[in-house]
Amino acid sequence: IRVKEEKPKNFKKCIGVDLGIAKTAVVSDWKGRDTKFFDGEPYRFKKNHYRELRRKLQPKIKEGNVYKLLNRISKKENNWVTSENHRISREIVEIAIKNKRSIALEKLTGIVKRLKVNKKTRVMLKGWSFSQLANFIEYKAKLAGITVVYIDPRGTSKTCPKCQYCYRGNRRTQSVFKCRQCNYESNADRVGAMNIALRGNTELSA
């Protein structure tokens, strides 16, 4: 089908989108305003549920109907993930439209390796569909006339968005960020989104 794209709005400031596991996505501007958290628990629950179903079926793999059942399970899982990614991407683009912002996304190359997780979670992440979510955000943004920029995410989770002090120890836990230099404290994923927005602003002004 042919869909008419909106005229590019060329907003000079960004909202940043931080992708992860505990939170599927966190959206914020560079000042920490307009923050939206998309909980990753439904993703993890569904992934674990379908992985357990496949594990139970593996010993019966020689039975003819098992192949059909495994395919049906995979299709059901993929359909659910796609539906969730459509919902999340639509909400993110709506936030950008409402606040008159462009969207900054992190480059996804090596994202699974960058995330600090155990072996079980890393196996689950292979089907997490970060790239699908990013693609959905990009094409929905394009239809709305919203600019999308991709930035290098290195250091975004350990850099203070207030004083720019970068130190691994700034991220105390998975969810807590506290700068060792200026004592700024916030949710760690929110800080990541703020830094992504900051780098997006720089990219747009270059």
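Residues numbered from 1 in each chain as written. Predicted model: local features only at pLDDT ≥ 70, side-chain atom pairs only at ≥ 80, totals over all residues. Heavy atoms only, no water.

A short note on the nonpolar core
- Judged by nonpolar contacts, the single largest core of 24 residues is most densely connected at Val17, Ile92 and Ile103.
- For this core, the elements supplying multiple residues, two or more each, are strand S1 (14–19), strand S2 (23–29), helix H2 (64–99), strand S4 (102–106) and helix H5 (130–143).
- For this core, the leading source of residues is H2, giving 6 residues.
- Setting aside chain neighbours within four positions, we find Ile103 in contact with Cys14, Ile15, Val17, Ile92, Val93, Ala96, Ile137, Ala141, Ile146, Thr147, Val148 and Val149.
- Phe177, Ala188, Val191 and Met194 belong to the second-largest nonpolar core, a separate cluster that totals 7 residues. (Core = buried A, V, L, I, M, F, W, Y, C linked by side-chain atoms within 4.5 Å. Buried < 20%, exposed > 50% of the residue type's maximum accessible area, 1.4 Å probe, protein only. Helix = DSSP H or I, 4+ residues; strand = E, 2+ residues; numbered from the N terminus. Contact = heavy atoms within 4.5 Å.)

Side note on helix H6 (residues 188–205)
- Between the first and last C-alpha of H6 there are 26 Å, a value that for 18 residues agrees with the 26 Å anticipated at 1.5 Å per step.
- Of all 18 residues in H6, 13 are buried, a share of seventy percent or more. (Expected span 1.5 Å × (residues − 1).)

A word on a nonpolar patch on the surface
- Together, Val3, Tyr139 and Leu143 make up an exposed nonpolar region whose accessible area comes to about 250 Å².
- Relative to the elements of secondary structure, Val3 occurs in the segment before S1. (Patch = residues over 30% accessible without salt bridge, like charges linked within 9 Å, V, L, I, M, F, W, Y side chains within 5 Å. Areas by Shrake-Rupley, 256 points an atom, 1.4 Å probe, with all protein chains shown as cover. Salt bridge = Lys/Arg side-chain N within 4 Å of Asp/Glu carboxyl O.)

Focus: the environment of Thr109
- As for its placement among the helices and strands, Thr109 is situated in the loop between S4 and helix H3 (111–114).
- With a relative accessible area of 73%, Thr109 lands in the exposed category.
- Each C-alpha atom of the pair Thr109 and Ser131 lies 9.5 Å from the other, and the pair is 22 residues apart in sequence.

Concerning the sheet that holds S4
- Spatially, 5 strands are ordered S3-S2-S1-S4-S5 in an open sheet, and the strand pairing comes out mixed. Looking at the sheet topology across the chains shown, the edges are occupied by strand S3 (36–39) and strand S5 (148–151). On average, adjacent strands in this sheet sit at an angle of 20° to one another, irrespective of strand direction.
- As judged from the 4 bridges shared by S2 and S3, these two strands associate in the antiparallel manner. (Pairing = 2+ DSSP bridges. Axes fitted to C-alpha atoms, helices over the stretch in contact; angles between N-to-C directions.)

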